[in-house]
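A closer look at the structure
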Amino acid sequence: MLAYVYFRNMRQAGHEIRITVMDSHTAGEPTRVVLAGGPELGAGSMAVRKERFRRQFDHYRQALIHEPRGHDALVGALLCPPEDPASAAGVIFFNNAGYLGMCGHGAIGVAATLHALKRISPGKFQLETPAGVIQCEQHAHGETTIANVASYRYRQAVKVTVPGRGVITGDIAWGGNWFFLVEEHGLKLEFGNLPALTAFACDLRQALASRGITGANGEEIDHMELTGPSRTASARNFVLCPGLAYDRSPCGTGTSAKLACLHADGKLKPGEIWRQESIIGSQFSARYEIADPPGYVRPLITGTAHITSQAEMILQPGDPFRWGIAGPDHGQFQPNF
């Protein structure tokens, strides 16, 4: 409550706000890690603090992710003091649509950031996320391996009628986010075909929602994953994220969902390497271990992140887009206090 009053009074007083960030990209997908100047979320698990962030400080998300300081493909990661002193950090992931329980490429980006700040050395460490504790390993040559949350296929061969496109069949799987994975889509998984891929995935997502097709416990399936063959990897994918931006990386949670489906179909053995290629040609190396309960797997995703910048975001009083350009009318957002 004291933190809430402090930030409210600071904004009411019209003070300039400065937020220090470090940006990176993981296989092409950007991550913006908040190092200092973000909201103080108090104690509790990352899931509890994520909800506090969402309810009380969502304007910080909008200021950091939306234009003019951000863009739709950007994923944010707020560093928090961990609950467990043995953890390297706590982290809350967010994007242009809201908040994520887990983000695979983002966790690799956080690892690269912590390494650049000399907060971790090559070796094993753990991160606390809203989806659970993630075991990680920073390799001496720059790659990071994350042991993602336990993943599984929820439903197989689900059919949905998509207006203007006919009946589409796909699997529903959990990899830290909910995915609908489609192999038979009839589209070329090529960078030059992005408009058609995006339109198809948008139509598919809308059809799933309108027909009440969900993940477990009625949770929204907010990631669409179209898969196909690759000339240089095990498979290629196109992933449309909740904010309707495509994933430049092969998608860590999407690769995890794919591994869960391969395991369920008996097409990939534990420990066997699967190389997932993104729509821009970047790759993750992946494998899995058997997890509990039966049918679940523990995906291990390896990728590389590169630091692109360190900056100070400045939120000036009087700036009509101080809190970002957001909403259907593209107007500015102002907190209700």
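Predicted model, so just to flag it, every value in this text is computed and none were measured.

Now for the confidence of the model for the chain. In the predicted model, the chain carries a mean pLDDT of 93, and 93% of its residues have values of at least 70. Every residue in residues 1-13 scores below 50 in pLDDT, and together they form 21 contacts with partners more than four places removed in sequence or on other chains. The low-confidence segment residues 327-337, where pLDDT is below 50, has 24 contacts with residues more than four positions distant or belonging to other chains.

A few words now on helix α6 (residues 252-264). Look at α6: 19 Å from first C-alpha to last across 13 residues, which is about the 18 Å you get at 1.5 Å a residue. Buried residues dominate α6, accounting for eleven of its 13 residues. Taken as a whole, α6 has its buried residues at Gly252, Thr253, Gly254, Thr255, Ser256, Ala257, Lys258, Leu259, Ala260, Cys261 and Leu262. Following α6 by one or two positions, Gly266 adopts a phi angle in the positive range, close to 70°.

Here we take up empty space enclosed by the protein. Across all of its chains, the model carries one cavity of 30 Å³ or more by this definition. Roughly 160 Å³ of internal volume is contained in the largest cavity. In terms of lining residues, the largest cavity is bounded by 21 residues, among which Val75, Leu100, His223, Cys241 and Asp247 are the most central. Among the elements of the structure, α4 (104-116) and α6 are those that each provide at least two residues to the lining of the largest cavity. In the lining of the largest cavity, the residues fall into ten nonpolar, eight polar and three charged.

In this structure, Phe93, Val110, Leu114, Leu127, Ile146 and Leu259 are the most contacted members of the largest nonpolar core, which totals 36 residues. Those elements that provide at least two residues to this core are β3 (75-80), β4 (89-94), α4, β6 (123-129), β7 (132-138), α6, β15 (283-290) and β16 (297-315). Take this core: its biggest share by element is six residues, from α4. With residues near it in sequence (within four places) discarded, Leu259 still touches Leu268, Trp274, Ala286, Arg287, Tyr288, Pro299 and Ile301. Formed by 26 residues, the second largest nonpolar core is a distinct cluster that contains Trp178, Val182, Phe200 and Ile213.

Inspection of every chain in the model, using the stated rule, returns ten aromatic pairs. Judged by centre distance (6.4 Å) and plane angle (65°), the rings of Phe57 and Tyr60 are edge-to-face. Assessed through its relative accessible area of 1%, Phe57 is described here as buried. A connected cluster of aromatic rings, assembled from ring pairs, spans Tyr152, Tyr154, Trp174, Trp178 and Tyr296. The ring of Tyr246 has Arg248 lying over it, and the distance from NZ or CZ to the ring centre is 3.8 Å.

Let's shift gears to unusual backbone geometry. Trans is the common state for peptide bonds, and a negative phi is the common state for residues other than glycine. Geometrically, the link from Glu67 to Pro68 is a cis peptide bond, its omega value of 10° lying close to zero. Mapped onto the elements of the fold, Pro68 is located in the loop between α3 (58-65) and β3. In the segment running from Asp292 into Pro293, the intervening peptide bond is cis, with an omega of -5°. For Pro293, the position within the fold is in the loop between β15 and β16. Non-glycine residue Asn217 carries a positive phi angle of around 60°. Among the secondary structure elements, Asn217 is positioned in the loop between α5 (194-210) and β12 (223-228). Note on Asn217: relative accessible area 77%, which makes it exposed. You will see that Leu244, though not glycine, has its phi angle at about 70°, which is positive. By secondary structure assignment, the location of Leu244 is in the loop between β13 (235-240) and α6.

Moving on: the pairing of strand β2 (residues 29-36). With six of eight residues buried, β2 lies mostly within the body of the structure. In terms of strand pairing, strand β1 (residues 17-26) meets β2 through seven bridges, oriented antiparallel. When the bridges of β2 are listed, Ser24 appears paired with Thr31. Remark: two residues form the turn of the hairpin made by β1 and β2, two consecutive strands paired antiparallel; Ala27 in that turn has positive phi of roughly 55°. Both β2 and β3 contribute to a ladder of four bridges, which runs parallel.

Moving on: the side chain of Asp247. With respect to the helices, strands and loops of the structure, Asp247 is situated in the loop between β13 and α6. Despite its burial, Asp247 pairs with no opposite charge, the nearest such side chain being Arg248 at 7.3 Å. One polar contact links Asp247 to Ser249, side chain to side chain, over a distance of 2.8 Å. With sequence-adjacent residues up to four places away left out, Asp247 is seen in contact with Glu29, Val239, Cys241 and Ile279.

Basis of the calculations
- Residues numbered from 1 in each chain as written.
- Predicted model: local features only at pLDDT ≥ 70, side-chain atom pairs only at ≥ 80, totals over all residues.
- Heavy atoms only, no water.
- pLDDT = per-residue confidence, 0-100.
- Contact = heavy atoms within 4.5 Å.
- Helix = DSSP H or I, 4+ residues; strand = E, 2+ residues; numbered from the N terminus.
- Expected span 1.5 Å × (residues − 1).
- Buried < 20%, exposed > 50% of the residue type's maximum accessible area, 1.4 Å probe, protein only.
- 1 Å grid on protein atoms, 1.4 Å probe; cavity = no way out; pocket = protein on both sides within 12 Å on 5 of 7 lines; lining within 4 Å.
- Points joined across faces, edges and corners; volume = space filled by probe spheres on them.
- Nonpolar A, V, L, I, M, F, W, Y, C, P; charged D, E, K, R; others polar.
- Core = buried A, V, L, I, M, F, W, Y, C linked by side-chain atoms within 4.5 Å.
- Phe/Tyr/Trp six-rings, centres within 6.5 Å; stacked < 30°, edge-to-face > 60°.
- Lys NZ or Arg CZ within 6 Å of the ring centre and 35° of its normal.
- Pairing = 2+ DSSP bridges.
- Lys, Arg positive; Asp, Glu negative; His and termini not counted.
- Salt bridge = Lys/Arg side-chain N within 4 Å of Asp/Glu carboxyl O.
- Polar contact = N/O pair within 3.5 Å; in protein donor to acceptor, adjacent residues only side chain to side chain.

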